[in-house]
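Inside the fold
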Amino acid sequence: MKVILTQTVPKVGKEGHVVNVANGFARNYLFPQKMAVYADKAQLSILDRRLKKLAEADAKTLASAEAVHEKVHGKQIRLEGKVAGDNTRLFGAITSQDIADALKAQLGVEVDRKQIGLVAPIKRLGKLDIELDLHRQLDTHIAVEVFNPEAIEAEEKEAEAAEGVEATEAAEEAPEAIEEPEAPVEA
């Protein structure tokens, strides 16, 4: 079924695009959520008029979107996540609002949470590649790393302890290597 998207739908298309979707998806999800309308001749002519108006507004916002793209493209942000013990599953979840806040804090860029292409909240430690929908014509990608600060502290303590053990072993081996001077021979 051909539909016209009235707003951006992740993994389907952007606002104003005419896309083919399954009949059930359109009837049961897109139409009730007012995310799309049926693509008939009347709606297509309305879309043409609306796209002409949007083109003027897009020219103004494209410049600011490109500036944001330059600041964030290919960058990485880090978010803390709490886990139990050696588990990788988070107690809570990292949402698109958390990512937007981290972008502002770490990179100094304000992005609306709706522009973040996070399909479901992040519930595990690790790295993810997230798409940012900055403009109708411009997308960018950013790496998000979710880490456990307690695990990092434990690793640092283990590394310090290992260095201490190595230093102690080296100190213990050093005296054995030194030979005592021989006693003078009496004639």
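Everything here concerns the structure above.
Because the structure is a prediction, the values reported are computed rather than measured. (Residues numbered from 1 in each chain as written. Predicted model: local features only at pLDDT ≥ 70, side-chain atom pairs only at ≥ 80, totals over all residues. Heavy atoms only, no water.)

Describing the environment of Leu-47
Mapped onto the elements, Leu-47 comes out in helix α2 (residues 41-72). For Leu-47, a relative accessible area of 6% corresponds to the buried category. When the C-alpha positions of Leu-47 and Ile-4 are compared, they lie 8.2 Å apart, and in sequence the two are 43 residues distant. Once you skip the residues sitting within four places of it in the chain, Leu-47 turns out to touch Ile-4, Gly-16 and Val-18. (Helix = DSSP H or I, 4+ residues; strand = E, 2+ residues; numbered from the N terminus. Buried < 20%, exposed > 50% of the residue type's maximum accessible area, 1.4 Å probe, protein only. Contact = heavy atoms within 4.5 Å.)

Here's the deal with the nonpolar core
Grouped together as the largest cluster of nonpolar side chains are 24 residues, with contacts concentrated most on Ile-99, Leu-103, Ile-116 and Val-144. For this core, the elements supplying multiple residues, two or more each, are α2, β4 (76-80), β5 (89-94), α3 (96-107), β7 (126-135) and β8 (138-147). Residue contacts for Ile-116: discarding those within four places in its chain leaves Ser-96, Ile-99, Ala-100, Val-111, Ile-130, Glu-131 and Leu-132. The next biggest cluster of nonpolar side chains, apart from the first, holds nine residues, and it includes Val-9, Val-21, Leu-30 and Met-35. (Core = buried A, V, L, I, M, F, W, Y, C linked by side-chain atoms within 4.5 Å.)

Observations concerning the pattern of salt bridges
All told, the structure shown has five salt bridges when counted by the stated rule. With a closest N to O distance of 2.4 Å, Asp-139 and Lys-14 form a salt bridge. Residue Asp-139 is found in strand β8, and its partner Lys-14 is found in the loop between β1 (2-5) and β2 (18-20); the two are separated by 125 residues along the sequence. Residue Lys-104 pairs with Glu-110 through a salt bridge whose shortest N-O separation is 3.7 Å. Given a relative accessible area of 48%, Lys-104 falls into the partly exposed group. (Salt bridge = Lys/Arg side-chain N within 4 Å of Asp/Glu carboxyl O.)

As for the pairing of β8
Side chains on a regular strand alternate between the two faces of the sheet. With seven of ten residues buried, β8 lies mostly within the body of the structure. Across five bridges, the pairing between β4 and β8 is parallel. Directly across from Arg-78, in β8, lies its bridge partner Glu-145. Both β7 and β8 contribute to a ladder of nine bridges, which runs antiparallel. Across the sheet, His-135 pairs through a bridge with Leu-138, a residue of β8. Taken together, β7 and the strand that follows it, β8, pair antiparallel across an intervening segment of two residues. (Pairing = 2+ DSSP bridges.)

Purely geometric numbers; function is a separate question.
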